[in-house]
Amino acid sequence: MDATARLIELLGVDRVRTEPIDRMVYAKDSGVTAGEPAIVVLPETTAEVAAVVRIAAAFDMPIVARGAGTGLAGGAVACPGALLVVLTRMNQIVMVDEVGRTALVGPGLINLDLSHALVGRNLHFAPDPSSQQASTIGGNAATNAGGPHCLAEGSTVAHVLGVEVVSADGEILMLGGAAPDPPGYDLRGLMVGSEGTLGIVTQLLVRLTENPPQTVTMLIAFDDINDAARTGSDIIGAGLVPAALEMMDHEMIVAIENFVSAGLPVEADAVLLAEVVGHADGVAEEAGVIRSIAVRNRATDVRVASDEDERALLWKGRKSAFGAIAQAAPDYYLNDTVVPRTRFVDVLGEIYAIADRYGIRLMNVFHAGDGNLHPLVSYDASQPGMTDIVVEAAHEMVCVAVAAGGTLSGEHGIGLEKRDLMDQVFTDVDLDAQARISQAFDPARRMNPGKVLPDGARCFDRPSS
Ligand SMILES: Cc1cc2nc3c(=O)[nH]c(=O)nc-3n(C[C@H](O)[C@H](O)[C@H](O)COP(=O)(O)OP(=O)(O)OC[C@H]3O[C@@H](n4cnc5c(N)ncnc54)[C@H](O)[C@@H]3O)c2cc1C
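Only a predicted model underlies this, so the values are computations on that prediction, with no experimental measurement involved. (Residues numbered from 1 in each chain as written. Predicted model: local features only at pLDDT ≥ 70, side-chain atom pairs only at ≥ 80, totals over all residues.)

Caption draft 1: Looking closely at the overall build of the protein. Per the secondary structure count, the protein includes 15 helices and 20 strands. Over its C-alpha trace the protein gives a radius of gyration of 22 Å, about what one expects of a compact globule, namely 23 Å for 465 residues. Summarising its shape, the C-alpha atoms of the protein cover approximately 70 × 55 × 45 Å along the three principal directions. With 465 residues in all, the protein has 49% of them scored as buried. (Helix = DSSP H or I, 4+ residues; strand = E, 2+ residues; numbered from the N terminus. Rg over C-alpha atoms; globule rule 2.2 N^0.38 Å. Buried ≥ 20, exposed ≤ 12 C-beta atoms within 10 Å, placed from the backbone.)

See the structure below:
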């Protein structure tokens, strides 16, 4: 029996896809790279995932885990001959513990569906990537996703207490758990952000966060983007950690307004969306400090959302940014890089200059609070060579951020996209240590091969000089 026949015997013909059209559907994530899987499977239980992995091992097939495919770094793109394991059918909420504030969920559960299921219980799942209506919690854990409200709450790793994992040889492990500070190595922390290279996450014990008693959302407008950038940096410098601190430039504001009419000031060169949460007195005081920092940095308007509807509309605008830019051109490249907040002004200047030099259309929408820049290029991929030009410009922007003391990615991960830039931030010895970890979990290099670590990352892979 070949691998397809064995998989059909296990899952049934409906959940094993080999037709060209099916393989094409799963060829891409939301980034710019593509690669057709050999076989696509849709398991529904951990036992099925383990059996699938054992079949792949028997036929020496590479295995690529996939959630919703909203990743932007090519992490879920199949390498040649790969078995693509799509986890979207494992989307159960197995248990909610309101007292312990945890939930046990399947990896295919859509992020926002968890918070929707918690309505009325005064709890929510805090990581809120802008893709939260579509991306899965398994994918969020695999990429250690961030989001506007991760500034104060921490990215996904701070909200995943334990993970059940199917290892490269088909064994089922439980890493971490409900106990605070479990003994031994923190393999849970290692699994979060490992982009499917160390195993397949089949269940997650996640932390639930209490809804804040009071929320103040402020929209702050500026005539000069540098003033907005300085304000973002000064707010954090003053010792405040707002729940969210997002920035949008003029082009982005106009695109969003044309798309959803969120009430953003289209004449502004940039806006900051700041949110503070907590008890009434503290919130009022924090909002007052933010206002005075903004005014000192020449803000032209500071508006506080008057009710929940206005607040929701402002956030709808922010989270519609990537839909909004479809008006400008059919394709986009969403870059992800991090700079020290004190370097915002000069790095942003260099990034716009790179876009001008390449003749590409750039918009900026980003998490100003944690220095996570998202230069967004709007372009037409059907123009010959255009994607290559855009990727080259984007890599230059990342290099500028790294040179300013930043790093390659704040939240989207490395995947295929930035694999070959890893040596910009890691020494050979650093990369070797990471490769040895991967080797320990996956000696046959079957789990999502070719992602995250550049070829030859292990020192002993390299020719001696
Ligand atoms: C419009 C838009 C907005 C976005 N905004 C944000 C944002 O604000 N913050 C942010 O962090 N990201 C953002 N992203 C990127 C993306 O949504 C996140 O990386 C998300 O966490 C990916 O989840 P997914 O389910 O789509 O995973 P996929 O894209 O399917 O996979 C991503 C990676 O995770 C691995 N993986 C998936 N599931 C598992 C599993 N169960 N076990 C092991 N490995 C697995 C895959 O192999 C791959 O390496 C955005 C993307 C889009 C398109």
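Caption draft 2: View of the sheet that holds strand E8 (residues 160-166). Taken in spatial order, the five strands make up an open sheet running E5-E6-E10-E8-E9, and their pairing is antiparallel. The outermost strands of the open sheet, each flanked by one partner alone, are strand E5 (93-97) and strand E9 (172-176). Strand-to-strand twist of the sheet, defined as the mean angle between neighbouring strand axes without regard to direction, takes the value 15 degrees. Examined bridge by bridge, E5 and strand E6 (residues 102-105) share four bridges and lie antiparallel to one another. Paired with isoleucine 93 across the bridge in E6 is valine 105. (Pairing = 2+ DSSP bridges. Axes fitted to C-alpha atoms, helices over the stretch in contact; angles between N-to-C directions.)

Caption draft 3: Representation of the site of the ligand in the model. Among the 37 residues in the neighbourhood of the ligand, the closest are listed as Gly67, Gly71, Gly75, Gly139 and Gly196. Elements represented by at least two residues in the shell around the ligand include exactly strand E3 (63-66), helix H5 (137-143) and strand E10 (200-207). Looking at the shell around the ligand, its residues break down into 13 nonpolar, 20 polar and four charged. Each of domain 1 (3-86) and domain 2 (93-210) gives at least three residues to the shell around the ligand. (Near = placed C-beta within 6 Å. Nonpolar A, V, L, I, M, F, W, Y, C, P; charged D, E, K, R; others polar. Domains from an automatic or database assignment.)

Caption draft 4: The pairing of E3, seen in detail. The alternating pattern of E3 places Ile63 and Ala65 and Val64 and Arg66 on opposite faces, both of which are buried. By the bridge criterion, four bridges tie E3 to strand E4 (residues 83-86) in an arrangement that is parallel. Along E4, the bridge assignment pairs valine 64 with leucine 84.

Caption draft 5: View of the nonpolar core. Counting residues in hydrophobic clusters, the biggest one holds 131 residues, and the most contacted among them are Val41, Val85, Val206 and Val271. Dropping the residues within four chain positions of it, valine 85 is found in contact with Val41, Pro43, Val49, Val52, Ile63, Val64, Ala65, Arg66 and Ile200. (Core = buried A, V, L, I, M, F, W, Y, C linked by C-beta atoms within 7 Å. Contact = placed C-beta atoms within 7 Å.)

Caption draft 6: Quick peek at the domain arrangement of the protein. The domains assigned to the protein are domain 1 (3-86), domain 2 (93-210), domain 3 (214-323), domain 4 (329-403) and domain 5 (419-461). Each of domain 2 and domain 5 was reduced to a C-alpha centroid, and the two centroids are 25 Å apart. Looking at the side of domain 2 that touches domain 5 residue by residue, the class counts come to three nonpolar, four polar and one charged.

Caption draft 7: Looking closely at the sheet that holds strand E1 (residues 16-17). Pairing in this open sheet of four strands is mixed, and the strands run E1-E2-E4-E3 from one edge to the other. Each edge of the open sheet is held by one strand with a lone partner, namely E1 and E3. By the bridge criterion, two bridges tie E1 to strand E2 (residues 39-41) in an arrangement that is antiparallel. Note that in E2 the partner of valine 16 across the bridge is valine 41. Docked against the sheet, helix H3 (residues 46-58) engages E2, E3 and E4, running at close to 175 degrees with respect to E4.

Caption draft 8: Expanded view of the environment of methionine 218. Summarising the element assignment, methionine 218 is placed in strand E12 (residues 214-222). The buried category is assigned to methionine 218, around which 22 C-beta atoms lie within 10 Å. The sequence separation of methionine 218 and arginine 311 amounts to 93 residues, and the corresponding C-alpha distance is 8.6 Å. In contact with methionine 218, not counting residues within four places along its chain, are Ala274, Ala287, Ile290, Val302, Arg303 and Val304.

Caption draft 9: Structural context of helix H9 (residues 250-260). Those residues of H9 that sit buried are Met252, Ile253, Ala255 and Ile256. The buried residues of H9 all sit within an arc of 165 degrees when viewed along its axis, so they share a single face. Against strand E13 (244-249), strand E14 (270-278), helix H11 (308-319), helix H12 (321-324) and strand E18 (361-367) lie the buried residues of H9. Remark: serine 261 follows H9 within two positions and exhibits a positive phi of approximately 45 degrees. (Arc of directions from axis to C-beta.)

Caption draft 10: Examining H11 more closely. Taking 1.5 Å of rise per residue, the 12 residues of H11 would be expected to cover 16 Å, and the 16 Å separating its terminal C-alpha atoms lies within 8% of that figure. Among all positions of H11, only Leu314, Trp315, Gly317, Arg318 and Lys319 are buried. (Expected span 1.5 Å × (residues − 1).)

Caption draft 11: Just the packing of helix H13 (residues 344-358) against helix H14 (residues 386-403), in detail. Contact geometry for H13 and H14: axes closest at 10 Å, N-to-C directions at 160 degrees. Here H13 lies roughly antiparallel to H14, going by the angle between them. Considering only the axes of H13 and H14, their crossing is right-handed. Contact residues: H13 offers Val347, Glu350, Ile351, Ile354, Ala355 and Tyr358, while H14 offers Ile389, Ala393, Glu396, Met397, Val400 and Ala401. Broken down by class, the residue content of the contact of H13 with H14 amounts to 10 nonpolar, no polar and two charged. (Parallel < 35°, antiparallel > 145°, perpendicular 65-115°, else oblique. Left-handed = near helix turned anticlockwise from the far one by under 90°.)

Caption draft 12: Unusual backbone geometry, seen in detail. A positive phi angle, near 45 degrees, is found at serine 261, a position not held by glycine. Despite not being glycine, arginine 298 shows a phi value in the positive range, around 70 degrees. Considering the arrangement of structural elements, one finds arginine 298 in the loop between helix H10 (280-296) and strand E15 (299-304).

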